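Residues per chain, in single letters:
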Amino acid sequence: MAGEPVNVKEFQELARLVLPKMYYDYYEGGAEDQHTLEENEKAFHRIIIRPRILIDVSRIDMSTTILGYETSVPIIVAPTGMHKLAHPQGEIATARASAASNVIMALSFMSTCTVEEVASSCNAIRFFQLYVYKRREISAMMVQRAERNRFKAIILTADAPRLGRREADIKNKMIAPRLRNFDGLISTDVQLTDKGSNIEAFASENFDASLCWKDIGWLKSITSLPILIKGVLTQEDAIRALEEGVAGIVVSNHGARQLDYSPATINVLEEVVVAVEGKIPVFVDGGVRRGTDIFKALALGARAVMIGRPVIYGLAAMGEHGVRRVINMLKDELELTMTLSGCCSFKDITRGHVRTEQDGRLHCKL
Ligand SMILES: Cc1cc2nc3c(=O)[nH]c(=O)nc-3n(C[C@H](O)[C@H](O)[C@H](O)COP(=O)(O)O)c2cc1C
Ligand SMILES: CC(C)CC(=O)C(=O)O
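Calculation rules
Residues numbered from 1 in each chain as written. Chains lettered and ligands numbered in written order. Predicted model: local features only at pLDDT ≥ 70, side-chain atom pairs only at ≥ 80, totals over all residues. Heavy atoms only, no water. UniProt positions renumbered as here; feature names shortened; annotations may be inferred. Helix = DSSP H or I, 4+ residues; strand = E, 2+ residues; numbered from the N terminus. Rg over C-alpha atoms; globule rule 2.2 N^0.38 Å. Buried < 20%, exposed > 50% of the residue type's maximum accessible area, 1.4 Å probe, protein only. Contact = heavy atoms within 4.5 Å. Areas by Shrake-Rupley, 256 points an atom, 1.4 Å probe, with all protein chains shown as cover. Lys, Arg positive; Asp, Glu negative; His and termini not counted. Charge placed at Lys NZ, Arg CZ, Asp CG, Glu CD. Near = heavy atom within 4 Å. Polar contact = N/O pair within 3.5 Å; in protein donor to acceptor, adjacent residues only side chain to side chain. 1 Å grid on protein atoms, 1.4 Å probe; cavity = no way out; pocket = protein on both sides within 12 Å on 5 of 7 lines; lining within 4 Å. Sits in = over half its atoms within 2 Å of the grid points. pLDDT = per-residue confidence, 0-100.

- Per an unreviewed UniProt entry, the recorded name for the chain is (S)-2-hydroxy-acid oxidase, and the organism is Penstemon smallii.
- The UniProt entry for the chain carries the following comment under Sequence similarities (unreviewed entry): "Belongs to the FMN-dependent alpha-hydroxy acid dehydrogenase family."
- In its Subcellular location (unreviewed entry) section, the UniProt record describing the chain reads: "Peroxisome".

Written out as structure tokens, the structure reads:
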């Protein structure tokens, strides 16, 4: 590639060039046939923007709030595991870049830097993603550590009772690195398989597949932080989450790494938004690679998007600077999209600014 990368895809290509194949495959891959992986992006491509003209767009206001916290753009850094495989500074580089760009970072439960290291690396609003282990006391202790270190919300990932089947990781015999948060508590040196992915083996040894709705009560009993549920893909689960009193929902298929042939997230966002009737904010992730994608998600009712792989690609390519570049590129693209669509602020972006495939079908029937 000649010159500096100018979009997320070019950062992906740079990441592919610099990373060992085992790690690149881990980051990039999805489950099984990777049908949903492809669809997460393609479903965005099938949504058309309906721009409005002759509106004064000389000033665009990009500021917004997420759970009451001010942020420069409706982007949250999604929780993704093990950043030190992408760059030696790991999650500290990601946290500093997020802080510099004034966006919220969600730290993965499976981080390679500790909660305390990330918290002390910079001053920023951070959320903490939670996996519930069979040894619940470990998860409870992590929630308390996050709370002590001023994380502002818990994101409970609810789509991973087991890890999805990621065939590249199986072929590469993907190795789980040391997770220093769990030093002295749990080892990533699992010896369950002599073949296959060690990450998968680690997850099946430790993740609690019995986690269910009643456990939201348990989580509430151990923390006073707001709880977001990540992994909702249906109106039924959205309504249930609402009944459990969560503070927000993340429409997510885990970057298509869990259940293949689950829907592209942008295709089910509206179903969830309609179900919650504006009572709590709805976020979405999966396949966001352009500012136009963010615009589409906002038009369909998302409060903000989360980005997973784009951040990793920036981190692998250029460390902290790369993550900043990726976030700022997406921000610039969103600003341009708003300008060219006649929207001066987020409240100006309406359902009428996009046409989905389903809308197309409705028109045909008329
Ligand atoms: C390499 C990788 C690691 C991930 N690790 C986690 C994790 O530890 N916890 C979690 O809740 N989600 C995890 N996810 C899912 C992301 O939070 C997010 O849902 C997904 O990456 C969004 O899709 P995108 O990568 O297309 O932006 C991971 C995703 C990737 C790609
Ligand atoms: C280390 C993994 C369990 C993190 C994860 O959720 C993922 O790879 O999708």
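Back to the text.
1. Examining the overall build of the chain
- Summing up its helical and strand segments, the chain has 14 helices and 12 strands in all.
- Taken against the 2.2 N^0.38 rule, which gives 21 Å for 366 residues, the C-alpha radius of gyration of the chain at 20 Å falls within 12% of a compact globule.
- Principal-axis analysis of the C-alpha atoms gives the chain an extent of 65 × 50 × 40 Å.
- With 366 residues in all, the chain has 58% of them scored as buried.
- Long-range contacts, defined here as pairs at least 24 residues apart, represent 73% of the contacts in the chain between residues at least 6 apart.
- In the structure as shown, the chain presents an accessible area of about 15700 Å², 51% of it carried by carbon and sulfur atoms.
- Charge separation in the chain, taken as the distance between the mean sites of 45 positive and 45 negative side-chain charges, equals 2 Å.

2. Quick look at the environment of Leu54
- Locating Leu54 in the fold gives a position in the loop between strand S1 (48-49) and strand S2 (64-66).
- Residue classification places Leu54 among the exposed positions, given a relative accessible area of 86%.
- When the C-alpha positions of Leu54 and Val272 are compared, they lie 33 Å apart, and in sequence the two are 218 residues distant.

3. A short note on the site of ligand 1
- With respect to spatial proximity, 23 residues lie near ligand 1, and among them Pro79, Ser108, Thr157, Asp285 and Arg289 are the closest.
- Contact distances for ligand 1 include 3.2 Å between a nitrogen atom and a side-chain N or O atom of Tyr131.
- Contact between ligand 1 and Asp285: an oxygen atom at 2.7 Å from a side-chain N or O atom of the residue.
- Starting from 600 Å² of accessible surface for ligand 1 in isolation, the protein chains cover 98%.
- For ligand 1, the cavity whose grid points lie within 2 Å of the majority of its atoms is the largest cavity.
- At the level of elements, helix H2 (21-28) and helix H13 (309-341) are the ones that each hand at least two residues to the shell around ligand 1.

4. Details of the confidence of the model for the chain
- With 96% of its residues at a pLDDT of 70 or more, the chain shows a mean pLDDT of 95.
- For this predicted complex, the interface score ipTM comes out at 0.99, alongside a pTM of 0.97.

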